[in-house]
Structure formats: structure tokens, C-alpha cells
Amino acid sequence: MTDVEYICIARSAVPHGLDGRLRIAVVSDNEERFQPGSRVFLRSDTQSREYLIRSFEWHNGRNAFVELEGINDRTAAEAIAGSGLYITKDDAERSRDLLGDDEFYYYDLAGADAYVDGKLFGKVSDLTEGGSGVLLIVKDGRGKEFLVPFVAEMVGTDKLLTDRRIDLMPVDGLFDI
């Protein structure tokens, strides 16, 4: 039996109203993942369970409301509060063709080795949204974190999918190497 890898598509499910509706913070750029009938998994520290999406509605930026089959009242919604919504990595890979040549999944970047001038500099520890786009959080060998704008002028991704490697081309002063 193989272990299933899960990919987070939304965080922090919290009850909204009395009918089992949940408010979530969406982290996926693929809205098709939230279509009615789509399979998702609610995961927390103590449980993982499969559900089908009954309805989805955007609300205020990256927040949304979702209704799941089997979660029909506030009590049921409170029982799974704090859970994230996930899909399997296999399900995510089936939609890779929807990505452009310069687009990647979060899990492609997180954990990738980061090189500067051909030398290992550190690893991508996380990604975050910045004022003008996505920022890579790169942790160097000493544990120091750097924010690197995820733009083609500063991040080479030619080896990302084959070698889990990015090449950084920082502007002067970004790193104190």
C-alpha cells in the first residue's frame, strides 16, 4: 500500500451560519478544484476524511464559503473547525496541463534547493504573498531567511521540475553573502 500525498488548497475551515457552511482561506489558484462534485479531504492533526463539494462561493478576496456533503449543521461544522481542505497530489498532477510554462504548484517550489552562482545557497522553505506578487522564503545554510520576489529576472526555474532546483539571480544587496 502506498502513502497518499495531500496538497492543501484551502486553510482554516471555520463554521459560518447554522447550515454547515464553512468559511475558508483559498490557497489554490485553480478555481476548478472547488466545483460542485469535486472530491476534497478535510485534514487536521487527528483526522482525515473525504467529502464532495456541494457549493462554493467567493467572499472578500481569497476567502470563500464552501458547503460539503455530509456537513449539514453548525455542530458538524464545529467538529471539523480548523481543518484544511486538501486534494491528493495525483489529483493535482492531473491538472498540470492547465499551468502556463512559467507557472508551478506550491509543492514544486517548497523544499527546492536554491543556488546562487552555481553554489548551493539554501532551500525554499515557504511562499507568501507580497504587495506585488509571490515571494519565496529562502532559508540559507545558517538558518537565516530571505524574501526573494518570484520573478523571472531573479529566479531561474529551468531545473525546478527535473532537479528540484532554482537558480537565484539576486539584485545587489538582497543577500549579505
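Further up the page is the structure itself.
Residues numbered from 1 in each chain as written. Predicted model: local features only at pLDDT ≥ 70, side-chain atom pairs only at ≥ 80, totals over all residues. Heavy atoms only, no water.

Participant: Requested: an account of the overall build of the chain, with residues and values cited.
Facilitator: Of the regular secondary structure elements, the chain holds 4 helices and 12 strands. Expressed as lengths along the three principal axes of its C-alpha atoms, the size of the chain is roughly 55 × 35 × 30 Å. By the burial criterion, 37% of the 177 residues in the chain qualify as buried. Partitioning the contacts of the chain with sequence separation of at least 6, the portion at a separation of at least 24 is 49%. With an accessible surface of roughly 10600 Å², the chain has 47% of that area assigned to carbon and sulfur atoms. (Helix = DSSP H or I, 4+ residues; strand = E, 2+ residues; numbered from the N terminus. Buried < 20%, exposed > 50% of the residue type's maximum accessible area, 1.4 Å probe, protein only. Contact = heavy atoms within 4.5 Å. Areas by Shrake-Rupley, 256 points an atom, 1.4 Å probe, with all protein chains shown as cover.)

Participant: If you had to explain the side chain of Ser38 to someone new, which residues and values would you point to?
Facilitator: Mapping Ser38 onto the fold places it in the loop between strand 2 (22-26) and strand 3 (39-43). On the accessibility criterion, Ser38 (17% relative accessible area) is buried. Setting aside residues up to four positions removed in sequence, Ser38 forms contacts with Glu32, Arg33, Tyr51, Leu52 and Ile53.

Participant: Before we move on, could you go through the packing of aromatic side chains and cite the residues and values that matter?
Facilitator: Under the definition given, this model contains 6 aromatic pairs. Between Tyr6 and Phe41, the ring centres sit 5.1 Å apart and the planes meet at 65°, which makes this aromatic pair edge-to-face. With Tyr6 in strand 1 (residues 6-15) and Phe41 in strand 3, the pair connects residues that are 35 residues apart, well separated along the chain. For Tyr6, a relative accessible area of 24% puts it in the partly exposed group. Put simply, the rings of Phe34, Phe56 and Trp58 touch in pairs and so form one group of aromatic residues. Over the ring of Tyr86 we find Arg43, and its NZ or CZ is 5.5 Å from the ring centre. Geometry around Tyr115 places Arg165 over its ring, the cationic atom sitting 3.7 Å from the centre. (Phe/Tyr/Trp six-rings, centres within 6.5 Å; stacked < 30°, edge-to-face > 60°. Lys NZ or Arg CZ within 6 Å of the ring centre and 35° of its normal.)

Participant: Which residues make up the sheet that holds strand 12 (residues 165-168), and what values go with them?
Facilitator: Within the open sheet, the 6 strands sit side by side as 10-9-8-7-12-11. Their pairing is mixed. Each edge of the sheet is formed by a strand with only one pairing partner; in this case those strands are strand 10 (145-149) and strand 11 (155-156). Where strand 11 lies against strand 12, 2 bridges are found, and the strand directions are antiparallel. Note that in strand 12 the partner of Val155 across the bridge is Leu168. (Pairing = 2+ DSSP bridges.)

Participant: Quick rundown of the pattern of salt bridges? Include the residues and the values.
Facilitator: Taken as a whole, this structure holds 13 salt bridges when the rule is applied. For Glu78, the salt bridge is made with Arg74, and the minimal N-O distance between the two is 3.1 Å. With Glu78 and Arg74 both in helix 1 (residues 74-79) and 4 residues apart, this pair spans about one turn of that helix. With relative accessibility at 44%, the residue Glu78 sits in the partly exposed group. Among the ionic pairs, Arg142 bridges to Asp140, the shortest N-O distance being 2.7 Å. (Salt bridge = Lys/Arg side-chain N within 4 Å of Asp/Glu carboxyl O.)

Participant: Residues and numbers for the nonpolar core, please.
Facilitator: For soluble globular proteins, the rule of thumb is that nonpolar side chains tend to be buried together. Residues Ile24, Phe34, Val40, Leu68 and Leu85 are the most contacted members of the largest nonpolar core, which totals 24 residues. Broken down by secondary-structure element, the contributors of at least two residues to this core are strand 1, strand 2, strand 3, strand 4 (48-58), strand 5 (63-68) and strand 6 (84-88). Among the elements that line this core, the one with the most residues is strand 1, at 4 residues. Leaving out residues up to four positions away in the same chain, Ile24 has contacts with Ala10, Arg11, Ser12, Ala13, Phe34, Phe56, Arg62, Asn63, Ala64, Val66 and Leu85. (Core = buried A, V, L, I, M, F, W, Y, C linked by side-chain atoms within 4.5 Å.)

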